[in-house]
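# Results of the structural survey
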Amino acid sequence: MLCSSSLALLLPPASSPSLLSFRRLSRLRASPLPAAVKLSPPLRSYGVYLNGALQDEENVGNVKKLLARVFELSLQATVPDETDVEPIVTASTVGRFGDYQCNNAMGLFSKLKGKGGGQFRGPPAVGQAIMKNLPQTEMIESCFVAGPGFVNVVLSNKWMAKSILKMLLDGIDTWAPKLSIKRAVVDFSSPNIAKEMHVGHLRSTIIGDTIARMLEFSHVDVLRRNHVGDWGTQFGMLIEHLFEKFPNIEAVNETAIGDLQAFYKASKQRFDDDSEFKERAQKAVVRLQGGEKRYRDAWAQICAISRREFDSVYKRLKVELEEKGESFYNPFIPSVIEGLTNQGLVEESEGARVIFLEGFNIPLIVVKSDGGYNYASTDLTALWYRLNEEKAEWIIYVTDVGQQQHFEMVFKAAKIAGWLPTEANKYPRTSHVGFGLVLGEDGKRFRTRSTEVVRLVDLLDEAKSRSKAVLEEREKDKDWTKEEIDQTAEAVGYGAVKYADLKNNRLTNYTFNFDQMLSDKGNTAVYLLYAHARICSIIRKSGKDVEELKKTGVLSLEHQDERVLGLHLLRFSEIVEEACTNLLPNILCEYLYNLSENFSKFYSNCQVIGSAEETSRLLLCEATAMVMRKCFFLLGITPVYKI
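This is a predicted model, so every value here is computed, not measured. (Residues numbered from 1 in each chain as written. Predicted model: local features only at pLDDT ≥ 70, side-chain atom pairs only at ≥ 80, totals over all residues. Heavy atoms only, no water.)

## Concerning the packing of aromatic side chains
- One pass over the full model with this rule turns up 19 aromatic pairs.
- Here the aromatic rings of F572 and Y591 are separated by 6.1 Å at their centres, their planes lie at 50 degrees, and the arrangement is tilted. Of this pair, F572 sits in helix α22 (residues 572–582) while Y591 sits in helix α23 (residues 585–605); the two residues are 19 residues apart in sequence, bridging distant segments of the chain.
- Since its relative accessible area comes to 0%, F572 is described here as buried.
- Cluster of aromatic residues (ring-pair linked, three or more members): F328, Y329, F332, W384 and Y385.
- Note that R296 overlies the ring of W299, its terminal NZ or CZ placed 5.8 Å from the centroid.
- Over the ring of Y100 we find R571; its NZ or CZ atom is 4.8 Å from the centre of that ring. (Phe/Tyr/Trp six-rings, centres within 6.5 Å; stacked < 30°, edge-to-face > 60°. Helix = DSSP H or I, 4+ residues; strand = E, 2+ residues; numbered from the N terminus. Buried < 20%, exposed > 50% of the residue type's maximum accessible area, 1.4 Å probe, protein only. Lys NZ or Arg CZ within 6 Å of the ring centre and 35° of its normal.)

## Notes on the pattern of salt bridges
- The full count for this structure, using the stated rule, is 43 salt bridges.
- Here K550 ties to E547 by a salt bridge, and the two come within 3.0 Å at their closest N and O atoms. With a gap of three residues between them, K550 and E547 both fall in helix α20 (residues 546–552), about one helical turn apart.
- A residue is classified by how much of its surface remains accessible, and K550, at 6% relative accessible area, is buried.
- The class for E547 is partly exposed, based on a relative accessible area of 42%.
- Several salt bridges converge on common partners, so that one network encompasses E240, E244, R270, D274, E276 and R280. (Salt bridge = Lys/Arg side-chain N within 4 Å of Asp/Glu carboxyl O.)

## Remarks on the pairing of strand β15 (residues 394–400)
- A large share of β15 lies buried, amounting to six of its seven residues.
- Here four bridges tie strand β9 (residues 183–187) to β15, and the two strands are oriented parallel to one another. Of the residues in β15, the one forming a bridge with V186 is I396.
- Examined bridge by bridge, β15 and strand β16 (residues 429–435) share seven bridges and lie parallel to one another. By the bridge assignment for β16, I396 is matched with S431.
- For the segment spanning β15, helix α15 (residues 404–416) and β16, crossover handedness is right-handed. (Pairing = 2+ DSSP bridges. Right-handed = clockwise from strand over helix to strand, strands pointing away.)

## Focus: the packing of helix α11 (residues 293–317) against helix α16 (residues 456–473)
- Interhelical geometry of α11 versus α16 gives an angle of 30 degrees and a closest axis separation of 11 Å. Overall, the two elements α11 and α16 adopt an arrangement that is roughly parallel. Of the two elements, α11 crosses α16, and the hand of that crossing is left-handed. Only L456, V457, L460 and D461 of α16 make contact with α11, whose side of the interface consists of V313, R316 and L317. (Axes fitted to C-alpha atoms, helices over the stretch in contact; angles between N-to-C directions. Parallel < 35°, antiparallel > 145°, perpendicular 65-115°, else oblique. Left-handed = near helix turned anticlockwise from the far one by under 90°. Contact = heavy atoms within 4.5 Å.)

As structure tokens, this is what we get:
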């Protein structure tokens, strides 16, 4: 039981407006809330109410979590003996059911009925009790019970406007969600040394970067890992081919080698056609792994040349990564395999050393029959390192769906070894973020006319070139500087490529089509970037200092289209959290597109410049632009400010 002084912090003053309950939105029936609620846990666990407003610094921008705190108090008052009931709060998808709803009544009634509790006749009665026990808060304008006990909530226009204005003053980062983890590893991109990055690397790089950005925005320390293929038998043939062409490897550079992809193909051709070369290449692998300086130096040269090419692509895409390739984990493999063997997990099978896993018809090979290591050896060791040395709580692997079984087996082995909990959704945990193929318009893998895999640099060049051509067709080169044309073409071109990928559910294949992704109509980056530029133009044309308006102006949401836009803005935090926890960037893309659509409707029906509500509506324009810019940032897209 709380003392009276503590209870005073929780309850609003007597003059605060009561919540209303009503059976139908068109016919309201007043229902005053109780004067007090009894709480068992300490008040500090739930935040406090001051003048009817919930003070919750952790979830200041997350409406769903703020409402969950309110309903948590109500549930404790409604069923004080049920201490493990978590509030189920969701956004309403149908306007006539309010803005949010609490869906605990049905489950709670079943639970109480199972225990022989008879204080409620059915779920609707439970819903009524939950609503009745809600503490007063300025967040909620009204609420009503519908169907089998759903408690539907209509947010206060005044509170919504005040929350948006506070974000304008304090910054969009105050709306960042708070996740339950502190550190994550995101393993993405991961090209192979001596091979150029191609369209197949596009999805892993773009999806991985967006997941990392969303986690970082959510206050998670993200270790961005580029697990490059820089170790293995292919380096024997590369090194021998390098020695043949360049006896003095100190003189080797990108210019000397030329096309790295062609160099790789030439060495592979020699390996396949020349048995003597093949034998030398196999011995070169042994010497490399044995640490001979000449071979290590040659390997380092090849890696350095590849790395510079990778970095040039990452720079264009504005993607940051820290390389920890296969070679980094190689020294740790023997001790990890030994540890698994000592646990009795590793068995001999047909000359190889394997781990048999229930539910899989093939074993996980950790040491090949020739004594060499493989992907499983490296991936298990990398997982061990990330858990024990880097102390990651969530380890996320972004690769194509074809590698799903491999990672499922690695994760299963880690659970058997006791590295990971066996219960789902407990930390530390691992997730495989699979994605589908990039297809051409013929429905097959996206390739050039000569059936070659499309080089990523060529694809980016084409996107920028097409975007630039459109700007020149619109004669922007007459008004803009050459630098402005170039920067805008790059932002729009690269943004179009990224968004066309991210807007799709990552598990599906998608068709790569420049004409569609560079269209300024429909759900495209071009449309969204131009929409943002138009909002910026509206603010500029007003001639008002928007920074000053933030400090002195008042924002209101009286018009229906103002309210729809405001409510959508307020859902930003929970959308980012949903996209994070489900590892689905398309959720954020859908939110961004709907935000643009809601703004268009608002602007069509609500005059901004020259209206009596100009200040308020300019602030709403600025709030929309701020949220759009943060969405662009999380998607790795550079915004444009004029068109």
